[in-house]
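Fold and contact review
For reference, the chains in residue letters:
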Amino acid sequence: ADGVAPFLVNRIDVVRQMAVFALAEMGAREHAPAIAVHLRDSNSRVRREAILALRKLEARELSKEVAAALQDDAIAYQALAALSDWNAVEHAVDILPLLKPEEPVSGIKLGMKKGTSLKEAAVLTLGKFGAEPYAAEIRKLVTDDDLGVREAAKKVLKELKGRR
């Protein structure tokens, strides 16, 4: 892994992308902070590889950096999936803005059924985290234009009602 790490700073995008991929495949958790730097890479493919690598390495200690990646349309879906995998409840407040988009935003669907929008995935993630503090926001989505979002909101609210 130490022989691959220097390639993380290569000027060629595909070389950085492959270095991130290789470190993840090697299980090189010690390089996770250096990989996290690439969540802000100028190339979207490198950013995508970085989020996938951090998820694979289960680098929960970098959840703050991953939560910041929710702002990046190119990797927001993968960032949300990582936070969900890690049960990073402390970042629920970072997920709330994803409930606002008027138009469904789709990304590469990791861990969700085909066709799941980012907004729908955000509702389901908040449900997984225990939706009580966000119930008012989720209730508004019961009338959303997107059927998947409406169904997700109803499901989360029903589960919440069952916990009481």
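Before reading on, note that the structure itself is shown above.
Here goes a summary of the coordinates provided. (Residues numbered from 1 in each chain as written. Predicted model: local features only at pLDDT ≥ 70, side-chain atom pairs only at ≥ 80, totals over all residues. Heavy atoms only, no water.)

Let us now look at the packing of helix α7 (residues 118-129) against helix α9 (residues 147-163). Two numbers describe how α7 lies on α9: the axes approach to 8 Å, and their chain directions differ by 5°. When the axes of α7 and α9 are compared, the pair comes out roughly parallel. Contacts between α7 and α9 involve Lys119, Glu120, Val123, Leu124 and Gly127 on the former and, on the latter, Gly148, Val149, Ala152, Ala153, Lys155, Val156 and Arg163. Residues of the contact of α7 with α9, tallied by class, amount to six nonpolar, two polar and four charged. (Axes fitted to C-alpha atoms, helices over the stretch in contact; angles between N-to-C directions. Helix = DSSP H or I, 4+ residues; strand = E, 2+ residues; numbered from the N terminus. Parallel < 35°, antiparallel > 145°, perpendicular 65-115°, else oblique. Contact = heavy atoms within 4.5 Å. Nonpolar A, V, L, I, M, F, W, Y, C, P; charged D, E, K, R; others polar.)

With that settled, consider a nonpolar patch on the surface. Together, Ile12, Val14, Met18 and Phe21 make up a nonpolar patch on the protein surface, roughly 340 Å² of accessible area in all. Using a relative accessible area of 48% as the deciding quantity, one classes Val14 as partly exposed. (Patch = residues over 30% accessible without salt bridge, like charges linked within 9 Å, V, L, I, M, F, W, Y side chains within 5 Å. Areas by Shrake-Rupley, 256 points an atom, 1.4 Å probe, with all protein chains shown as cover. Salt bridge = Lys/Arg side-chain N within 4 Å of Asp/Glu carboxyl O. Buried < 20%, exposed > 50% of the residue type's maximum accessible area, 1.4 Å probe, protein only.)

We now examine the pattern of salt bridges. Applying the stated criterion to the full structure yields twelve salt bridges. A salt bridge links Arg47 to Asp72; the nearest nitrogen and oxygen atoms lie 2.5 Å apart. With Arg47 in helix α3 (residues 44-56) and Asp72 in the loop between α4 (63-68) and α5 (76-85), the pair connects residues that are 25 residues apart, well separated along the chain. The two residues Arg47 and Asp72 agree in class, both being buried. The partner of Lys140 in a salt bridge is Glu137, and the shortest N-O contact between them spans 3.2 Å. Placement of both Lys140 and Glu137 in helix α8 (residues 135-140) is noted, with a separation of three residues, approximately one turn of the helix. Exposure remark for Lys140: the relative accessible area of 52% places this residue in the exposed category. Members of the salt-bridge network, linked through shared partners, are Asp13, Arg16 and Asp41.

This part takes up the environment of Leu54. Note on placement: Leu54 falls in helix α3. Spatially, the C-alpha atom of Leu54 lies 8.5 Å from that of Arg29, the residues being 25 residues apart in sequence. In contact with Leu54, not counting residues within four places along its chain, are Ala32, Ile35, Ala36, Leu39, Ala59, Leu62, Val66 and Trp86.

You can see Asp144 is positioned in the loop between α8 and α9. Ignoring anything within four residues of it in the chain, the contact list for Asp144 reads Lys119, Val149 and Arg150.

As a further point, take helix α1 (residues 13-25). In a regular helix each residue adds 1.5 Å, so 13 residues correspond to 18 Å; α1 covers 18 Å between its end C-alpha atoms and thus fits that length. Residues of α1 that are buried include every one of Arg16, Gln17, Ala19, Val20, Leu23 and Ala24, and no others. Angular distribution of buried residues about the axis of α1 spans 160°; they occupy a single face of the element. Buried-residue contacts for α1 involve α2 (32-36) and α3. A positive backbone phi angle near 70° is found at Gly27, which sits one or two residues after α1. (Expected span 1.5 Å × (residues − 1). Arc of directions from axis to C-beta.)

It is worth stressing that arrangement in space is one thing and function is another; only the former is reported here.
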